[in-house]
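Chain by chain, the residues run as shown.
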Amino acid sequence: MTVKPPRDPAFSRRALVLGGGMAAVGATLAARLTYLSVFEGEQYRLASEENRIQLRLIPPRRGWIVDRSGKPLALNRPDYRLELIPEQVVDLDALLARARAVLGLSPEEELRIRADIAIQPKYVPVEVARDMDWPKFAAANVQLADIPGLTPVRAFARVYPDADHFAHLLGYVGTPTPAQYKAEKDPLLVFPGFKLGKDGIERHEDQRLRGRAGAQRVEVTARGKVVRELDSRGDVPGAIVKLTIDRDLQNYAARRLADNSGSVIVIDSWTGDILTMVSMPAYDPNVFSKRVPAALWRDLQTSDHTPLLNKSAMGGYPPGSTFKLATALAILEAGIDANAGCGCNGSYRLGNNTWHCHARRGHGRVNLHGAIPKSCDVYFYTFGRQVGIEAIAAMARRLGLGEKFDLPLAGQASGLVPDNAWKQRRFSKAWNVGETLNTAIGQGYLVTNPLQLAVMTARVASGRIVMPRLLADGPAPQFASLGIPEEHLAIVRQGMFDVVNAGSGTAHRARVPVAGVHVAGKTGTAQVRRITAGERRRGVIRNEALPWKQRDHALFVAFAPTEEPRYAVSVILEHGIAGGRYAAPVARDVLTYLYNPDRAMAALAPVEAEARERAAKARSADAVAAAAAAAAAGPLMPPWLHWDPPQPPEFEIADAEAPPTLEQEQ
């Protein structure tokens with residue numbers, strides 16, 4: 001019989017404790033696994049799915065902008081890009097080395113990429129390459145797809161076929177700013193390559209043009225490489241925005257301005273449709289939609305021709321003698337007969353001061369019928385003083401001056417129609433009679449823009465409260481009457497007819513060479529400098545002998561045909577010297593294009609040839625000056641060592657209520 005040794009009580013207790021502990025751990029693990037699988041299983045299943053399945057946005061194609069006939073003004077083309085999101089990048093140096101090997105990035109491009117990463121929020125995409133050809137894009141998809149933060153993008157780029165001819169009207173597109181993303185919280189705004197409207201129609205109609213994004217579900221590897229596409233929902237392209245603009249007429253007007261700095265506007269006075277709104281010179285929105293070179297940006301900012309300013313809606317100019325249309329209607333409304341006249345000997349005395357007429361020898365006896373075609377300042381001094389500033393200002397506002405119109409344009413200037421109440425607010429002084437004389441002929445405190453002058457002309461031509469429009473949405477509106485007696489309008493229209501067609505008129509160059517079409521208009525030449533009494537005694541310096549910035553502005557407003565007025569036009573040439581001599585022919589050719597395009601195009605050839613000759617001379621002079629400056633300068637820093645990031649355009653408009661330096665029209 002075998003006798004078992006007695007069991008060690010200590011061992012039994014240790015075994016029991018160890019076994020109990022293991023049972024407790026096992027029970028805990030089992031409970032945790034049960035909890036994770038039963039209660040939180042769906043959450044972890046979704047997380048696993050997200051690691052394997054990605055939802056990718058498909059950016060919408062931006063809607064087209066077209067003219068009144070459906071001709072494209074802004075459209076899209078395929079654009080292959082490579083972009084990176086800084087917050088997803090693991091090793092920037094390695095990334096750039098790989099991109100350099102595949103795409104051949106230059107040192108300047110690498111510096112630009114690093115600068116963008118340094119100055120932008122980390123979630124904002126940075127452009128590595130754009131406008132890639134298909135072989136490079138295919139290579140990027142194959143060789144760079146596994147790099148975190150680097151994304152090949154197949155998108156669409158905005159294209160403006162007519163470049164600077166529509167720049168101020170259409171605006172341009174650009175990358176959304178961090179402030180825009182914070183305001184909208186739309187993931188599209190941080191999608192690589194997505195662009196928003198930044199100015200003009202592009203900005204005002206951005207929501208319509210933007211469209212709606214699509215989505216794509218794809219299966220990816222742990223490194224983010226796409227394995228297969230599971231399903232997708234297509235994007236919804238943006239809406240087509242149709243304008244009242246006539247593309248061909250706009251292009252012609254821009255070319256006709258040539259190298260002048262100015263504006264041309266044409267309005268259909270029956271419908272209010274703006275057929276043309278040109279401001280030249282301008283910038284190329286195709287360049288602005290990309291990265292604006294620093295040198296180009298500096299040139300645009302420093303040019304004395306202000307290419308960044310939309311002169312048509314934002315420019316501020318004294319209207320000169322074109323304002324006499326408003327003064328004439330105020331005189332008639334005050335009850336003064338059109339046959340009442342005064343003697344013009346070339347000047348008008350008020351106290352110890354003298355106001356001069358543009359005709360030194362005067363016009364003799366003149367009434368309203370002769371004062372408009374001859375543009376007699378003394379007549380408007382005399383009767384403008386008689387009716388007073390309040391009547392003149394009220395008529396000007398009725399004709400649309402000093403008004404902002406409901407148009408999809410940012411920064412529209414209201415101009416200024418002064419009166420006694422305005423001067424009290426602005427200077428705490430009472431209005432004086434001398435200021436009425438200046439205002440009566442379109443000088444002094446008056447400030448208008450070309451759009452307002454075109455509206456004024458359309459209202460005079462139609463007798464109705466014409467309101468301009470740029471969006472061809474819905475039927476043409478019906479306009480109420482101006483409330484001005486038809487006989488008063490007829491007198492002013494006849495005066496405008498005589499400006500162009502009578503022997504004594506100041507704008508015979510505005511006659512349209514189309515049988516049966518007659519033009520009625522009014523010239524304006526607005527001073528930008530004060531002519532002192534001493535200069536008058538010595539002889540007034542001719543505009544051609546003055547620096548460009550000191551020359552008078554040239555203005556012309558007109559409507560046609562006179563038998564049944566429809567088209568109203570305004571032309572302003574900055575420092576263009578004389579309205580009848582230089583602005584009127586521009587209006588003539590633009591109106592000719594409406595009736596006989598072939599004849600108008602024939603008149604364009606010599607204008608453009610002269611502009612090219614002037615440009616060649618200017619380039620030659622600049623080259624000589626640059627060579628002299630380079631010879632005198634020391635060694636320059638290599639351009640690749642520095643880079644100036646471009647900034648968005650900032651338009652500055654002079655204070656419209658600043659005291660003038662103008663005395664009267666010459």
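Description of the structure in this document. (Residues numbered from 1 in each chain as written. Predicted model: local features only at pLDDT ≥ 70, side-chain atom pairs only at ≥ 80, totals over all residues. Heavy atoms only, no water.)

As a further point, take the overall build of the protein chain. The helix and strand tally for the protein chain stands at 24 helices and 19 strands. Looking at the 666 residues of the protein chain, the share that counts as buried comes to 48%. Looking at the protein chain alone, contacts between residues at least 24 apart form 74% of all its contacts between residues at least 6 apart. In the structure as shown, the protein chain presents an accessible area of about 31500 Å², 55% of it carried by carbon and sulfur atoms. (Helix = DSSP H or I, 4+ residues; strand = E, 2+ residues; numbered from the N terminus. Buried < 20%, exposed > 50% of the residue type's maximum accessible area, 1.4 Å probe, protein only. Contact = heavy atoms within 4.5 Å. Areas by Shrake-Rupley, 256 points an atom, 1.4 Å probe, with all protein chains shown as cover.)

Buried residues dominate strand β17 (residues 520–526), accounting for 7 of its 7 residues. Burial along β17 is two-sided: Ala 520, Lys 522, Gly 524 and Ala 526 and Gly 521, Thr 523 and Thr 525, pointing in opposite directions, are all buried. Sheet topology note: the β17/strand β18 (residues 553–560) ladder contains 7 bridges and is antiparallel. By the bridge assignment for β18, Ala 526 is matched with His 553. (Pairing = 2+ DSSP bridges.)

Let us now look at the side chain of Asp 206. Relative to the helices and strands, Asp 206 is located in helix α9 (residues 206–210). Given the relative accessible area of 7%, Asp 206 is considered buried. Those residues in contact with Asp 206 that lie beyond four places of it in its chain are Arg 62, Leu 196, Gly 197 and Ile 201.

So, on to the packing of helix α10 (residues 247–257) against helix α23 (residues 579–595). The contact between α10 and α23 brings their axes to 10 Å, and the two run at 155°. Between α10 and α23, the angle is such that the two are roughly antiparallel. The handedness of the crossing between α10 and α23 is right-handed. Contacts from Asp 248, Leu 249, Tyr 252, Ala 253, Arg 256 and Leu 257 in α10 reach Pro 585, Val 586, Arg 588, Asp 589, Val 590, Tyr 593 and Leu 594 in α23. Along the lines of polarity and charge, the residues of the contact of α10 with α23 split into 9 nonpolar, no polar and 4 charged. (Axes fitted to C-alpha atoms, helices over the stretch in contact; angles between N-to-C directions. Parallel < 35°, antiparallel > 145°, perpendicular 65-115°, else oblique. Left-handed = near helix turned anticlockwise from the far one by under 90°. Nonpolar A, V, L, I, M, F, W, Y, C, P; charged D, E, K, R; others polar.)

Here we come to unusual backbone geometry. Here the residue pair Met 280 and Pro 281 is connected by a cis peptide bond, since its omega of -5° sits within 30 degrees of zero. Tracing the sequence through the fold places Pro 281 in the loop between β12 (274–280) and α11 (285–288). At the junction of Ala 560 and Pro 561, the peptide bond is cis and its omega measures out at -10° in the coordinates. Relative to the elements of secondary structure, Pro 561 occurs in the loop between β18 and β19 (567–573). Even without a glycine there, the phi angle at Ile 577 is positive, about 85°. By secondary structure assignment, the location of Ile 577 is in the loop between β19 and α23.

The subject of this paragraph is the nonpolar core. If you look at the biggest cluster of nonpolar residues, it comprises 129 residues, and the most contacted ones within it are Leu 243 and Tyr 379. Examining the composition of this core, we find that 8 residues originate from one element, helix α20 (residues 450–462), more than from any other. Here this core spans two domains, since at least three of its residues come from each of domain 1 (54–242) and domain 2 (247–631). Leaving out residues up to four positions away in the same chain, Leu 243 has contacts with Ile 65, Val 66, Asp 67, Arg 68, Leu 73, Leu 169, Leu 170, Ile 201, Leu 470, Leu 471 and Ala 472. Counting residues in each nonpolar core, the second largest holds 22 residues, with Tyr 80, Ala 99, Met 132 and Ile 147 among its members. (Core = buried A, V, L, I, M, F, W, Y, C linked by side-chain atoms within 4.5 Å. Domains from an automatic or database assignment.)

Moving on to the pattern of salt bridges. Tallied over the entire structure, the rule returns 28 salt bridges. One salt bridge connects Arg 208 with Glu 205, and the closest N-O pair in it is separated by 2.8 Å. Among the residues examined, Glu 205 registers a relative accessible area of 6% and is labelled buried. Salt bridges here are not isolated pairs; linked through shared partners, they connect Arg 62, Arg 158, Glu 184, Asp 186, Glu 202, Asp 206 and Arg 210. (Salt bridge = Lys/Arg side-chain N within 4 Å of Asp/Glu carboxyl O.)

The full count for this structure, using the stated rule, is 13 aromatic pairs. Relative to Tyr 593, the ring of Tyr 252 has its centre 4.8 Å away and its plane inclined at 25°; by these criteria the two rings are stacked. Of this pair, Tyr 252 sits in helix α10 while Tyr 593 sits in helix α23, and the two are 341 residues apart along the sequence. Judged on exposure class, the residue Tyr 252 and its partner Tyr 593 are both buried. Within the aromatic cluster, the residues linked to one another by ring pairs are Tyr 172, Tyr 283, Phe 288 and Trp 297. (Phe/Tyr/Trp six-rings, centres within 6.5 Å; stacked < 30°, edge-to-face > 60°.)

In this section: the sheet that holds β17. With antiparallel pairing, 5 strands are arranged side by side in an open sheet as β12-β11-β19-β18-β17. Looking at strand neighbours, the two that pair on one side only are β12 and β17, the edges of this open sheet. Shown here is a sheet whose adjacent strand axes are inclined to one another by a mean of 5°, direction ignored. Taken together, the 7 bridges between strand β11 (residues 262–268) and β19 define a ladder with antiparallel strand orientation. Looking at the pairing, Val 266 lines up with Val 569 of β19. Across the sheet, α20 lies against β11, β12, β18 and β19, angled at about 150° from β19, the strand it touches most.

Each disulfide is one covalent bond, formed between the sulfur atoms of two cysteines. Summed over all chains, the structure comprises 0 disulfides. Free of any disulfide, Cys 342 has its nearest neighbouring cysteine sulfur in Cys 376, separated by 5.9 Å. (Disulfide = S-S within 2.5 Å.)

Turning our attention to the environment of Gln 120. Structurally, the position occupied by Gln 120 is in the loop between α4 (107–119) and β4 (126–129). On the accessibility criterion, Gln 120 (25% relative accessible area) is partly exposed. Aside from chain neighbours lying at most four places away, what touches Gln 120 is Pro 125 and Val 126.

We now examine helix α17 (residues 389–398). For α17, the set of buried residues is Ile 389, Ile 392, Ala 393, Met 395 and Ala 396. Down the axis of α17, the buried side of the element spans an arc of 165°, and every buried residue falls inside it. For α17, the secondary structure elements touched by its buried residues are α14 (324–333), α16 (377–387), α18 (420–427) and α19 (433–440). Backbone geometry just after α17 places Gly 400 at a positive phi near 105°. (Arc of directions from axis to C-beta.)

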